[in-house]
Structures are given as C-alpha cells and as structure tokens.
Amino acid sequence: MLRKVPALLLALLLATGLAWAQAEEPPPTEPADTGEAAETAEEAVVMEEVAEIELSALSAAVGDGMISPGGIVVSDWPNDAGDALLISFEPGSEIGNDNFAGYAIYRRTQGEEELVLVGTMETDEGTSFIDGYDPDFIVEPGVQYEYQVAAVYLSGSEVASDLVTAQVTAEGQLFHTGKVRVLVGCVLFLGLILFYFHAAQRGVEMYLRPIAGIEAIDEAIGRATEMGKPILYVPGLGAISDVATIASITILGRVAKKVAEYGTPLLVPNRDPIVYTIVEETVKQAYMEAGRPDAFDKDSVFFLTQSQFAFVAGVNGIMMREKPATNFYLGLFWAESLILAETGSLSGAIQIAGTDAVTQLPFFITTCDYTLIGEELYAASAYLGREPKQLGSIKGQDACKGIIMAVITLGLLLALTDIITGTETLDWLKNVITMPIVD
Amino acid sequence: MKRSIPLAIVMVGGILFMIQYFIPHQHSQTLFDYYTQWAPIVGAFALVLGVGSLYRLHSHKIKRKAKNWQYSYAVLVPLFLIPIFALIMPESLGGGIMQNMGGDRVTQGVFDFAYLNVQVPIQATMFSLLAFYIASAAFRAFRAKSALASILLIAAVIVMLGQVPIGELIGKWFPKIGLWILRYPNLGAKRAIALGVGFGMLATQLKIIFGVERNWLGGAGK
C-alpha cells in the first residue's frame, strides 16, 4: 500500500493542477485588427483632454473669493521615534475645480521667518499628510513647528491657509503597539523553549529522531582516516552574525576533536576574517581536548579571500590538488554551493552539506551524499553533544512547530466549514493571528 | 575572566536588542544606529588578521618549497603590490566604477586596470560555470530510479516547459499547472523549511544569549 502512495500523490497533484488550470479564465483579448484603431482613438482623446486642460489652465485665474484649505490639525504619528507628524486639514473651494492640481505643505520652526515646502500632494491623495518621511525635511522630536497648507492650481497660483502652530510636537513612543502580536508570539515560543531547557535539566527523557546526515559524520571521518586523506570543512560564506555560521562552528568543534583523535589532516578555508579567528581557536581547542595539542597544524585553518567566486576557485583548487576523502559544507551558502559540491563530487569525496539557505538546498541534495535541511543544521550540535540543555532546545522547537501545525489544521477546518456553511470564521482567525505590516 | 566578560556582553546585548525591537523611541533607535555603525568597523580590523593568515600560509609554502610553491608568489605579490599602487597613485582607487557620470568608462591606474581586466572577467567565468553545473546536477537528479524520483522528474518537466513558449504550444494548461506546482506544493514546502529555520535560529540565539552555546567564543568557550 505504501508503495502506491507516491503514485497516488502524483495522480492527485496532476488532477488538482489540471482542475485549477481549467478554473482560471484566460484574460480577455481584443481582435488584432481593431486593437490598433482603438489605441489611436484613445491617444486622440487623451491629447484632446491635455489640450483642454492646458487651455483652461492658461485662462484660469484664481478669484479673490476662493476659500483656502483650513482646519489644520497636527497630531503625533504613532509608533515612531518622534520623527513624524500627521497633518490633517479641511478642503476649501478647490474641490470640484477643474484647475485644481494638488496641495503644497509648508512648514517652519516656530520663531523662524522662512516657510519651507516639505511636501506636495496629488488631488487624489486625500487631506492628510505625514511630515517627516522625506529625509531632506526631517522632523525633530520636541520641536514646535508651524504649518500652512496651500491649494495649488494648474496656472501655478496658490490659495494658502493661515499659518497654524502645531497643536503637538513629535514624540517617540516607548512601545510599538503594532508589534503586540509579535511580542505575544515571542513570549509564547521563548517560554516553551525555556520550559524544555529546564525539563531537560531535571532529567526528563527526550527522544530525538535519528538524522542520517548527522549519523554519517563519524562514518565520513573514519573513511578519510582509513584512506589517509584530508578532510575539508567549509564553514560557509556567512559572517559570524549569521546563526548558520555559529551552528557550523559548533559542529566543527566536534569534527575537529574526532579528527584530532584519529590523526587525520583537516583543512578549513575561511571567507570571513572574524569567522577565521574563531574557527582557528575552536579547532585548536578541539585538539587540546583530544589531548593532542602538538598535532594542531596552524596552516590547517586559513583565510582565503572575501570575494565569493575567488573563494570558490580557491576551495575547488584545494579539492582537485589535495583530493580530500570527505567534504563538509556546513553554514551559509549562496550561488557558489553547486560549484563547490559538483567539484567535490567529481573529486570522488563523500560529501555532507547543511544550510538554512532554502534556495541552495536543492543543489546540495542533488550533489551531496547527505544534506542537513534547514533546522537540522542547528540541531546537529545537540545531536552530537547530547547535552541536556541542547536537547531541551530541540524539543522546545518541536513544541513551537506543534502549535503552528495546530493553527494550520484549525485554519483548514475553518476554511472547509466556511465553504460548507457560507460563514466567515477563517477571516476571524486571520485577524487574530496575522500581523499588520509594521516598520 | 576570558570567558565571563564576553558571555556577559552577549547576554546583556542580546536581551537589550531583543527589547529594542519593540521600542520605537528615538533613544532606542540611536542605540541601534550606533551598533550598526560599529559592527563593520570591528570587522574591518579583523581583515588584518585574515591577511596575516594568508601571508603566513603562503610564506610557509615558499619557505618549505611545498608542492606548487611557485603559485604562492601569485598571491603574495599582488597582495602587497596593489595597496602600494593605491598609496602612491591615489587616483587609481576608483575601483572600476564609472568615473564620469553619464560619460564613457574611464580606466585609471593599475588598480582599475587589474580590477576591470583581471578580476571582473575571472569572477564572471566562475559564475558562468554554474550553468554547466546546473545541467549536470539536473541530469543526476532527474533520473527516474524510484517512484518519488519519477514524481520529481514529471514535476520538473512541467515547471520547466511551463516557463518557455513551447509549453503553451503543447497545451494552454501546461504553464498553469507549472505555476500551480510552484505556487502551492513548492511554496508550502519552502515555507515549512523557513518555519523550521526560524525556530532553529530562535533556539540557537537563546542558547547563545544564555550561555548554553559557547563555541562562538572559540577556545575560551570551554
């Protein structure tokens, strides 16, 4: 039965895809012969409109009786560093006037003479303006400003409001109210991970499913030892601020310790100078822990270059010259991943890769013998070390994923319910869970 | 001391910047701006260590007359020569960028010459190798050795043909199915991996902040 699952999945996939493709209506198309004529007619209409507007603009004069925009209300823009103000106003007699082109917002610091144009608005942009977004005209917190709004006409003339002193000054907030859901999520997930940290410390037994790539690490080191060839370990091209690099350095510590015990040569090329210094110290420490500090070769850990493709050329050269028996690519990789892994494959090495770069995973999966996918890279150090707190963190992640899976299942059920009963409960769930875009 | 001071800095800094994310106040932003300005400066100093390592490695090779030691000169000579050219001919520091805005590219000095005529073509060559490697990797991946590999092969053929005009000639539904595969099964899998990565990062960062994970300290972490 299980053997038929992929075939069933394929059939389901194709059937759903076909149904979806048929359900989509093709975009309406115009006949080829009439299309050109319609385009010409449209252009003529636009030209006529432009000519009319220009003519009326030239002839239009702004009368004395026109009412300027007014009722300017300045309020503090929420959830910012005190660098924006919201200016709202009431429109004057410009609404409905064909010559009306938009608004101009003027500002000056209280006590100064000159008004500065801080922004313009199109006719369809409403009657609210956020001052402070333009880096040329920054708003400073606590400074008292005065504003004037002018209706601008096509002839270039303006009907300006009275100068109004801002009712408030810009102030920074101590909490971003748009991030409440992020905070709740953080507290929940951090709480779960910390709970499992402590549970692991209390001695609670935790089962971890075996990961083939991690179990193959010892085998790969053993192979290199038997063949008398070196092991190549590339800790990625990321900086030390990338979590994948830190995870890779942790694994390197364990690998280097084994390598030191077996007396196998190790090669660790680096792209980032900070990563290089930490990697060198980590490998040195591993040799000390293995009781063989004298076996540590300073030239085994080295900096190559910061240039992405020069680094690849260097590592590929090492692979072809030194013919390492085992290649580890663990960390953050970009476009160079396939070039590295294919060269390693051609050199006949056993290859273990791991990255959290989703776009590079297919390349590693195709070319390497084992691949640690995404989070498995982070879990590797816990698997290798088996320290209680490390195991607890993995269980904590699993619990977090459990919550996400439960929410997805609930969403699926609500979506089905909505289809059957015609209700909108899924929207409710969306509003509760999804977060508005915040800056 | 060698261990506790960095651990304390990381714990305080980690918690501080976690809280900072929720505080939009100007003082909080100033703190963040200072941090982002300092980080690359520290990185620039570390580059000296990297160059030191490169020099040590290749000078050892030359001294020991190791295999292919002659090539080490190809690293060491430009490594020192280019900064010297940059110092004695500062106008050569343009880095191959357009010298005249809107005008023709003007090559100045040895630095520009080396950058435009050596480094750029070599890097482009390395990058273009990727196309050939993708073809060979695809050939290996798409061999229908099992049911799952067959599904992968069929899905890949549909997606690939759906992206090119011939797909639409085969059938109007072809690109749509390809798009459906990309939009739903493929995106779903990518999101699942991204979620796992997100939680993995969160847990790793917590381990670093609370000192459970200390390998980033190098030798001092033990």
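You'll find the structure just up there.
Model, not experiment: these values are computed from the prediction. (Residues numbered from 1 in each chain as written. Chains lettered and ligands numbered in written order. Predicted model: local features only at pLDDT ≥ 70, side-chain atom pairs only at ≥ 80, totals over all residues.)

(A) Geometry of the nonpolar core. All names here are of chain A. Ranked by size, the top nonpolar core spans 92 residues in total, and within it Tyr-233, Val-255, Ala-256, Val-279, Val-283, Tyr-329 and Ala-380 carry the most contacts. For this core, the element with the most residues is helix H5 (residues 243-262), which contributes 11 residues. Not counting residues up to four positions away in its chain, the partners in contact with Val-283 are Leu-252, Ala-256, Leu-266, Val-268, Phe-296 and Val-301. Ranked by size, the runner-up nonpolar core spans 21 residues in total, among them Phe-129, Val-139, Val-149 and Ala-151. (Core = buried A, V, L, I, M, F, W, Y, C linked by C-beta atoms within 7 Å. Buried ≥ 20, exposed ≤ 12 C-beta atoms within 10 Å, placed from the backbone. Helix = DSSP H or I, 4+ residues; strand = E, 2+ residues; numbered from the N terminus. Contact = placed C-beta atoms within 7 Å.)

(B) Region of the structure containing the sheet that holds strand S2 (residues 85-90) of chain A. All names here are of chain A. If you trace the three strands from one edge of the open sheet to the other, you get S1-S2-S5, paired in antiparallel fashion. Both edges of this open sheet fall to strand S1 (70-76) and strand S5 (128-131), since each of them pairs with a single strand only. Neighbour-to-neighbour, the strand axes of the sheet open up by a mean angle of 20°, direction not taken into account. Relative to S5, S2 runs antiparallel, the two sharing four bridges. Opposite Ile-87, over in S5, you have Phe-129 as the bridge partner. (Pairing = 2+ DSSP bridges. Axes fitted to C-alpha atoms, helices over the stretch in contact; angles between N-to-C directions.)

(C) Quick look at the interface of chain A and chain B. Across the boundary between the two partners, chain A contributes 71 residues, which contact 59 residues of chain B. Class assignment for the residues of the side of chain A that touches chain B results in 40 nonpolar, 19 polar and 12 charged. (Nonpolar A, V, L, I, M, F, W, Y, C, P; charged D, E, K, R; others polar.)

(D) Spotlight on unusual backbone geometry. Positive phi, close to 55°, is recorded for A:Asn79, a residue that is not glycine. Tracing the backbone shows A:Asn79 in the loop between S1 and S2. Its 15 C-beta neighbours within 10 Å are what place A:Asn79 among the partly exposed residues. If you check the backbone angles, B:Asn68 has positive phi at about 60° while not being a glycine. Along the chain, the position of B:Asn68 falls in the loop between helix H2 (26-64) and helix H3 (71-88).

(E) Region of interest: the pairing of strand S12 (residues 326-330) of chain A. Residue and element names in this part refer to chain A. Burial analysis of S12 places five of its five residues in the buried class, the great majority of the element. Here S12 shows two buried faces, one formed by Thr-326, Phe-328 and Leu-330 and the other by Asn-327 and Tyr-329. Both strand S9 (residues 231-234) and S12 contribute to a ladder of four bridges, which runs parallel. Note that in S12 the partner of Leu-232 across the bridge is Asn-327. Relative to strand S13 (residues 350-355), S12 runs parallel, the two being bridged by five bridges. Considered in S13, the bridge of Leu-330 is made with Gly-354.

(F) The arrangement of the packing of helix H11 (residues 388-421) of chain A against helix H12 (residues 425-433) of chain A in detail. All names here are of chain A. Where H11 contacts H12, the axes come no closer than 8 Å and their chain directions differ by 150°. The pairing of H11 with H12 is recorded here as roughly antiparallel in orientation. Counting all contacts with H11, which are made through Val-407, Leu-410, Gly-411, Leu-414, Ala-415, Thr-417 and Asp-418, the residues of H12 involved are Thr-425, Leu-426, Leu-429 and Ile-433. Looking at side-chain class alone, the contact of H11 with H12 contains seven nonpolar, three polar and one charged residues. (Parallel < 35°, antiparallel > 145°, perpendicular 65-115°, else oblique.)

(G) A look at the pairing of strand S10 (residues 266-270) of chain A. Residue and element names in this part refer to chain A. In terms of residue burial, S10 counts as a mostly covered element, since five of its five residues are buried. Residues of S10 alternate between two faces, with Leu-266, Val-268 and Asn-270 on one and Leu-267 and Pro-269 on the opposite face, all of them buried. Bridge count between S9 and S10: two bridges; the pairing is parallel. By the bridge assignment for S10, Ile-231 is matched with Leu-266.

(H) Representation of helix H7 (residues 308-322) of chain A in the model. Residues and elements named next belong to chain A. Between the first and last C-alpha of H7 there are 21 Å, a value that for 15 residues agrees with the 21 Å anticipated at 1.5 Å per step. Those residues of H7 that fall on the buried side of the exposure criterion are Phe-309, Phe-311, Val-312, Ala-313, Val-315, Asn-316, Ile-318 and Met-319. Positive backbone phi, at 50°, marks Lys-323, one or two positions downstream of H7. (Expected span 1.5 Å × (residues − 1).)

Fair warning: the whole summary comes from geometry, so function is off the table for now.
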